[in-house]
Amino acid sequence: MQEPAPTPDGQVADAVKDNWVDLYAPAATRPYLRLSRADRPIGTWLLLIPCWWGLALSMLNSQQASWHDAWIALGCAIGAWLMRGAGCTWNDITDRDFDGQVERTRSRPIPSGQVSLRGAIVWMCVQALLAFCILLTFDPAAIRLGILALVPVAIYPFAKRFTWWPQVFLGLAFNWGALLAWTAHSGKLEAPAVVLYLAGIAWTLFYDTIYAHQDTEDDALIGIKSTARLFGDKTASWLRRFLMLTVGLMGIAVIFSAIENAHVLALVVALGGPWAMGWHMAWQLRGFDSENNDKLLQLFRANRDTGMIPLVFFAVALML
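Residues numbered from 1 in each chain as written. Predicted model: local features only at pLDDT ≥ 70, side-chain atom pairs only at ≥ 80, totals over all residues. Heavy atoms only, no water.

> I would appreciate a short explanation of the confidence of the model for the protein in the present structure.
Reading fine detail from the predicted coordinates is not recommended where pLDDT is low. With 94% of its residues at a pLDDT of 70 or more, the protein has an overall mean of 92. Here helix 5 (residues 96-99) is the element of the protein with the lowest mean pLDDT, 72, and helix 14 (residues 235-258) is the one with the highest, 98. Under a pLDDT of 50 for its full length, residues 1-7 has, in the predicted model, 14 contacts with residues more than four places off or in other chains. (pLDDT = per-residue confidence, 0-100. Helix = DSSP H or I, 4+ residues; strand = E, 2+ residues; numbered from the N terminus. Contact = heavy atoms within 4.5 Å.)

Structure representation (structure tokens):
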């Protein structure tokens, strides 16, 4: 195994420049916050956004809103931060040997020696328990879904060892919030939420294939599988397919959500969400360059905006 890459003050190589953890967090907390990826917030957004999609479309479906929905939105935000941190900690625990062999990940807290294995396990449990406390404030059906979400979260770190499609498992875990938030509002899981969930998985395949292209050389050396390695020079064609799947499935989810109770104008406006999201994904596709790691990271991080675009349309539709 290669020696950990030296970084100033323990900073992680792919952290956001001048992030709040490295600038303001107490020194003793920084290794644990880095372990939770608090210095790289894009993952929290990608976990949270499907929650807000699910909540918005569930409200559009029922044509009802209450102050509890505001708590669902806030609870999902806090829970996404905590569960993303717990999931990343679990991922780094299981990948601690692999991370030490990959240039981009050698500076992470466990392979660089900033956090012990025992400390990481304790930190993971603390985050998960706090998230569970928030989950207990939701509808019983949503609580059951939240507990079930631990299954794809637990499996994902191992997926890249046995399948060329680990991004599917990431999608299963990262978009679970679409199911949970829909159910937290409505009290039951319904078909539009499932279709929305599938749209989120297609979106994850899009953005995480872009992300995975940063590590293809190191992954090939150590035997890690990914869609980036699988698609190779055909990646752009596959990204186009994921784009179409995302837009098409989200459009179907919107129609299923709004067709019964929403005003026809609200339906039309809500359908603008996947349409505009598709154009933002097309912009990413035009800028895709598998050989330019800086560009790949920029495009990956741009997916916060990609996912927020439909929410603007959903919010307007809710007001009609």
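> What should I look at first to understand the packing of aromatic side chains in this one?
Think of a pair of aromatic rings as described by two things: how far the centres are apart, and how the planes are tilted against each other in angle. The final tally for this structure, using the stated rule, is 14 aromatic pairs. Plain terms: the ring middles of Trp-53 and Trp-203 are 5.2 Å apart, the flat faces sit at 40° to each other, and that makes the pair tilted. Taken together, the residues Trp-53 in helix 3 (residues 42-62) and Trp-203 in helix 11 (residues 191-212) connect sequence positions 150 residues apart. For the pair shown, Trp-53 and Trp-203 are each scored as buried. When the centroid spacing of 5.7 Å and the interplanar angle of 75° are considered together, the rings of Trp-165 and Trp-238 count as edge-to-face. With a gap of 73 residues between them, Trp-165 in the loop between helix 8 (150-162) and helix 9 (166-174) and Trp-238 in helix 14 connect regions that are remote in the sequence. Among the residues examined, Trp-165 registers a relative accessible area of 29% and is labelled partly exposed. Cluster of aromatic residues (ring-pair linked, three or more members): Trp-53, Trp-203, Tyr-207, Tyr-211 and Phe-300. (Phe/Tyr/Trp six-rings, centres within 6.5 Å; stacked < 30°, edge-to-face > 60°. Buried < 20%, exposed > 50% of the residue type's maximum accessible area, 1.4 Å probe, protein only.)

> Looking at this structure, how should I read the nonpolar core?
The tendency in soluble globular proteins is for nonpolar side chains to be buried as a group. If you look at the biggest cluster of nonpolar residues, it comprises 71 residues, and the most contacted ones within it are Trp-53, Phe-138 and Phe-314. Other than its neighbours up to four places away in sequence, Phe-138 contacts Trp-71, Ile-72, Gly-75, Cys-76, Ile-143, Leu-180 and Ala-184. Core analysis: the second largest hydrophobic core is formed by seven residues, Leu-35, Ala-86, Ile-93 and Met-124 among them. (Core = buried A, V, L, I, M, F, W, Y, C linked by side-chain atoms within 4.5 Å.)

> Would you explain a nonpolar patch on the surface in this entry?
A cluster of nonpolar residues, Val-264, Leu-265, Val-268, Val-312, Val-316, Met-319 and Leu-320, forms a patch on the protein surface that exposes about 670 Å² of accessible area. Mapped onto the nonpolar patch, the elements with two or more residues apiece are helix 15 (264-287) and helix 17 (303-318). Looking at which element gives the most residues to the nonpolar patch, the answer is helix 15, with three residues. Following the sequence through the fold, Val-316 ends up in helix 17. A relative accessible area of 34% means that Val-316 is categorised as partly exposed. (Patch = residues over 30% accessible without salt bridge, like charges linked within 9 Å, V, L, I, M, F, W, Y side chains within 5 Å. Areas by Shrake-Rupley, 256 points an atom, 1.4 Å probe, with all protein chains shown as cover. Salt bridge = Lys/Arg side-chain N within 4 Å of Asp/Glu carboxyl O.)

> Could you clarify how one ought to interpret the pattern of salt bridges in this entry?
Oppositely charged side chains may form a pair once their charged atoms are brought near each other. Tallied over the entire structure, the rule returns eight salt bridges. A salt bridge links Arg-108 to Asp-92; the nearest nitrogen and oxygen atoms lie 3.6 Å apart. Placement of the pair is Arg-108 in the loop between helix 5 and helix 6 (117-135) and Asp-92 in helix 4 (residues 67-94), with a sequence separation of 16 residues. Assessed through its relative accessible area of 6%, Arg-108 is described here as buried. Judged by its relative accessible area of 0%, Asp-92 is buried. Across the salt bridge formed by Asp-305 and Arg-304, the nearest N and O atoms sit 3.1 Å from each other.

> Can you walk me through the environment of Leu-55 in this structure?
Among the structural elements, Leu-55 can be located in helix 3. Among the residues examined, Leu-55 registers a relative accessible area of 6% and is labelled buried. In the structure, Leu-55 is positioned 17 residues away from Ile-72 in sequence and 7.9 Å away in space, judged by C-alpha atoms. The contact partners of Leu-55, leaving out residues within four places of it in the chain, are Asp-69, Ile-72, Ala-73, Ala-181, Trp-182 and His-185.

> Please explain helix 17 as it appears in this structure.
Residues spaced three or four apart along an α-helix point in a common direction, a consequence of the helix completing one turn every 3.6 residues. Helix length check: helix 17 (16 residues) gives 24 Å between terminal C-alpha atoms against 22 Å at 1.5 Å per residue, within 8%. Along its buried surface, helix 17 packs onto helix 3, helix 11, helix 14, helix 15 and helix 16 (293-301). (Expected span 1.5 Å × (residues − 1).)

> Where do I start with the side chain of Asp-208 in this structure?
Following the sequence through the fold, Asp-208 ends up in helix 11. A polar contact is formed between the side chain of Asp-208 and the side chain of Gln-167, at a distance of 3.0 Å. In this view, Asp-208 contacts Tyr-156, Gln-167, Leu-170 and Phe-300; residues no more than four positions away in its chain are not counted. (Polar contact = N/O pair within 3.5 Å; in protein donor to acceptor, adjacent residues only side chain to side chain.)

> Explanation requested: the packing of helix 11 against helix 15 in the structure shown.
When two helices pack together, their arrangement is captured by the angle between the axes and the distance separating the axes. With their axes 12 Å apart at the nearest point, helix 11 and helix 15 run at an angle of 20° to one another. In terms of their interaxial angle, helix 11 and helix 15 are classed as roughly parallel. Of the two elements, helix 11 crosses helix 15, and the hand of that crossing is left-handed. Within the contact between the two elements, helix 11 uses Trp-203, Phe-206 and Ile-210 and helix 15 uses Met-277, Met-281, Gln-284 and Leu-285. Here the residues of the contact of helix 11 with helix 15 sort into six nonpolar, one polar and no charged. (Axes fitted to C-alpha atoms, helices over the stretch in contact; angles between N-to-C directions. Parallel < 35°, antiparallel > 145°, perpendicular 65-115°, else oblique. Left-handed = near helix turned anticlockwise from the far one by under 90°. Nonpolar A, V, L, I, M, F, W, Y, C, P; charged D, E, K, R; others polar.)

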